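What follows is the residue order along each chain.
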Amino acid sequence: MPEPLFILCPGRSFSSVVAAVIGQHPRCYGLPELNLFLGETIGDAWSNDATRGGYPMQGLKRTIAELNYGAQTDETVDEAIAWIEARKDWTARRMMDHIQDRAGDRILVDKSPANVVHPRVLGGVVKAFPKANYLQLMRHPRSRGKSQMKHWEKTQARRVMDGTAKPPPDAEFKWQGTHAMISALGPKLALGQLMWIRGEDLMRDLKFYLPQICDWLGIPCDDAAMAEMMKPEASPYACLGPAKAKYGANTDFLKDPSLDFDRLASIPDPSLDGPLDWAPEELFSDATRQQAYRFGYR
Amino acid sequence: MTLVETRPAPAALATLPGPDKPVALVRFGDALYVGTAAPDPMGRGRIWRMPWPAGGAAEIVYEGADGSAVTDFAVFESQGTPVLYAATAALGGGLLLASRDGRGFGPVAPAGLGQSGNLWLGPLAIAGGRLVVAAGSAAPLDPEASGARLLASPDPESAVWTALAEPGFGDAENSAIAALLATGAGLVAATANPLRGFQLWQMDPGGGWTRRLTDGAARFSMNPAATALSAGEGELLIGTGAPARPEAEDAAGPAAPEVIALDDGGAWETLVGEPRFSPEGFKVPFALQAAGFGQRETACVTAILTGPGGALTVVVTAVTGATPGPFGQPGLGASRLWRSLDGGESFAEVPAPGPVLAALATPEGGVLAVAGDAGAALHLHALA
């Protein structure tokens, strides 16, 4: 069986659409967010604070419903939950192996944001899959931060009044710390096992950069494969799921997964200079700027 | 796995007593010349001469003022006879020195070539019947460097200098000209650009410039300067390098150098380096060697020597500390030598005699200038 591809990035970095696009390659199988590595076992991950707080395992429920029971309905999700509950002692690796068996001889494409919440979690991924391919997906820290803050306002602001809102995230630190953690993987892996790409470049010119990614993964990129990748909406996970497992990726993507090439072509290039949009009294730190220069952001 | 040849590093041909660091080499007439920088910022740059290839004791033929360093040499025919030119860095302005006999050196132009900001002159090149001098405020790898001017004269002793290009080729973020090479296709200039990554410019016969590489060959600030240029077989070889950076303040981490080959058609590949997706396609190093030949520390390619039959020797020297003052050399650590006999498809490490700060290909072999606590030394290295 092929080694999986793990897309690593902080949330709000185009990962839902990128994972869905690559996952539609005939030799790949795009997964929703599984978030399996938050604990030693599926039971640990299932009950992890982070799972409860922000990484519900709806993607796993949808995947098992789809692969074990052939559809994503409330009934099959119930069956999937029971199936998973009976295997809470499984490791993440064993669960991935099961998914791989069901998906067949295709590269599993995982983009779970929980994989980069802590070096210990990321280390667990690498320990379980020491020969996997890892793609560090970049997005400009300003546009990613704005997206994260917009998401927070959308989901939390209405809770501010009743005091149940989560505090606003440190969007800059999330970008800098997460990418520093991912970059630190490089020396521990074989040459070319960890690659990076700017999401803006990829999304603006999918037809130029996807063949490079396919070349890296060792899979063909003929016209038929490219045509499939241009249809992320064809993924069984590129839509809202049944009521008992609705999500598993960026909600906006699930509501509208088709590629809008005009919009993608005009993704803006913001600047590292100037006040932070979400904290006008602050500028990007030197550490963030140095990290951003490394990936060609200005 | 690293393959290291078991034979020992070559014995020293000559030693230069004292703490001077040998940073420039040239052959002129029947002698080899070594330009030095002092280890402290207020020391004096010197030029040493030793008979070559006959061998013999080295002697000092020039000593600069306090706070100076010799940066580069070039041999240029002036008024019908070959003249050895040496560029220096100095607090009062870099000097261009000339010698017709290889023993007496004197300035042939006003300090800084007449511009007050030109404290550092060099590197030098000969192109289009002119002596070309890069000029700036500090060493090319100094984070404070600025200027990146390129001046030329068909008759350096006339003191008439013209700008070959806009400062920094019109890009204010090009902080210095880090390397020059005259090729059959025209003069090539490599910049230092700490934020965006180095650029490579080539001059056409009409005097116009074409940018042939930018953004540190799609590695951005991890390739902040091209520090070595060499003409290979049908291609230009580029070695990159980075100044010392305090790790605690630099989330980008250490920047190990690469070796890049650029062909006449403008296509480039890495021989040694970081695999990457790029605007020019998916790049995988031919030699399947990671940047820095697998050694992740911040370092510079200080020289690429070519030999017959596609032989290459790449000198990689670790950068261990910041530049001490405007004209001191960066803290340079151990060197590693990597030799390829197949045009860069594979490399094997060969023993290095110490920190190699300059190298020169000669018919007798590669001369390596090695710094040492007890004095600098010259070693001969087989190129094939």
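Please refer to the structure higher up on the page.
Cut-offs applied
- Residues numbered from 1 in each chain as written.
- Chains lettered and ligands numbered in written order.
- Predicted model: local features only at pLDDT ≥ 70, side-chain atom pairs only at ≥ 80, totals over all residues.
- Heavy atoms only, no water.
- Contact = heavy atoms within 4.5 Å.
- Buried area = accessible area lost by both parts, 1.4 Å probe.
- Salt bridge = Lys/Arg side-chain N within 4 Å of Asp/Glu carboxyl O.
- Polar contact = N/O pair within 3.5 Å; in protein donor to acceptor, adjacent residues only side chain to side chain.
- Helix = DSSP H or I, 4+ residues; strand = E, 2+ residues; numbered from the N terminus.
- Nonpolar A, V, L, I, M, F, W, Y, C, P; charged D, E, K, R; others polar.
- Axes fitted to C-alpha atoms, helices over the stretch in contact; angles between N-to-C directions.
- Parallel < 35°, antiparallel > 145°, perpendicular 65-115°, else oblique.
- Left-handed = near helix turned anticlockwise from the far one by under 90°.
- Pairing = 2+ DSSP bridges.
- Buried < 20%, exposed > 50% of the residue type's maximum accessible area, 1.4 Å probe, protein only.
- Bend = angle between axes of the 7 residues up to and from the residue.

(A) Highlighting the interface of chain A and chain B. Facing 23 residues of chain A, the contacting portion of chain B comprises 27 residues. When chain A packs against chain B, close to 2000 Å² is buried across both sides, 64% of that on carbon and sulfur atoms. E173 of chain B serves as the salt-bridge partner of R298 of chain A, at 2.5 Å between the closest nitrogen and oxygen. Linking chain A with chain B are six residue pairs in polar contact (both at pLDDT 80 or more). The set of elements that each furnish at least two residues to the side of chain A that touches chain B consists of β5 (194-198), α11 (206-217) and α15 (286-294) of chain A. Of the residues contributing to the side of chain A that touches chain B, the split by class is 13 nonpolar, six polar and four charged.

(B) Structural detail: the packing of helix α9 (residues 171-183) of chain A against α15 of chain A. Residue and element names in this part refer to chain A. With their axes 10 Å apart at the nearest point, α9 and α15 run at an angle of 55° to one another. Relative to α15, the element α9 lies oblique. Like other packed secondary-structure pairs, α9 and α15 cross with a definite hand, here left-handed. Of the residues in α15, those touching α9 at E172, W175, Q176, H179, A180 and S183 are A287, T288, Q291, A292 and R294. Its residues assigned to classes, the contact of α9 with α15 shows four nonpolar, five polar and two charged.

(C) Geometry of the sheet that holds strand β27 (residues 365-370) of chain B. All names here are of chain B. Spatial ordering of the open sheet is given by β1-β28-β27-β26, a layout of four strands whose pairing is antiparallel. Two strands close off the open sheet at either side, each with one partner strand: β1 (12-17) and β26 (356-362). The sheet shows a mean angle of 20° between the axes of neighbouring strands, direction not considered. With six bridges joining them, β26 and β27 adopt antiparallel strand pairing. Within the sheet, the bridge partner assigned to A358 lies in β27 and is A369.

(D) Representation of the sheet that holds strand β3 (residues 107-110) of chain A within the structure. Residues and elements named next belong to chain A. Strand order in the open sheet formed by five strands is β2-β3-β1-β4-β5, and the pairing between neighbours is parallel. Edge strands, defined here as strands with exactly one partner in the open sheet, are β2 (28-30) and β5. Strand-to-strand twist in this sheet, taken as the mean axis angle between neighbours without regard to direction, amounts to 25°. Direction of pairing for strand β4 (residues 133-138) relative to β5: parallel, over a ladder of five bridges. Note on β5: the bridge partner recorded for L135 is M195.

(E) How the structure looks around the environment of G18 of chain B. All names here are of chain B. Looking at the element boundaries, G18 is found in the loop between β1 and β2 (21-28). Using a relative accessible area of 30% as the deciding quantity, one classes G18 as partly exposed. Spatially, the C-alpha atom of G18 lies 9.0 Å from that of G372, the residues being 354 residues apart in sequence. When residues no more than four places from it in sequence are discounted, the contact partners of G18 are A374, G375 and A376.

(F) Structural context of helix α8 (residues 141-160) of chain A. Residue and element names in this part refer to chain A. Bending of α8 peaks at approximately 45° at the position of K154. Of the positions making up α8, those classed as buried are P141, R142, S143, R144, G145, S147, Q148, M149, W152 and Q156. Contact partners of the buried residues in α8: α9, α10 (199-204) and α15.

(G) View of the pairing of strand β8 (residues 96-99) of chain B. Residue and element names in this part refer to chain B. Of the two faces of β8, the one holding L96 and A98 and the one holding L97 and S99 are both buried throughout. Where strand β7 (residues 81-90) lies against β8, four bridges are found, and the strand directions are antiparallel. Paired with A86 across the bridge in β8 is L97. As consecutive antiparallel partners, β7 and β8 are separated by five residues, and within that stretch G93 has a phi angle of approximately 120°, a positive value. Bridge count between β8 and strand β9 (residues 106-107): two bridges; the pairing is antiparallel. The partner of A98 across the bridge, within β9, is G106.

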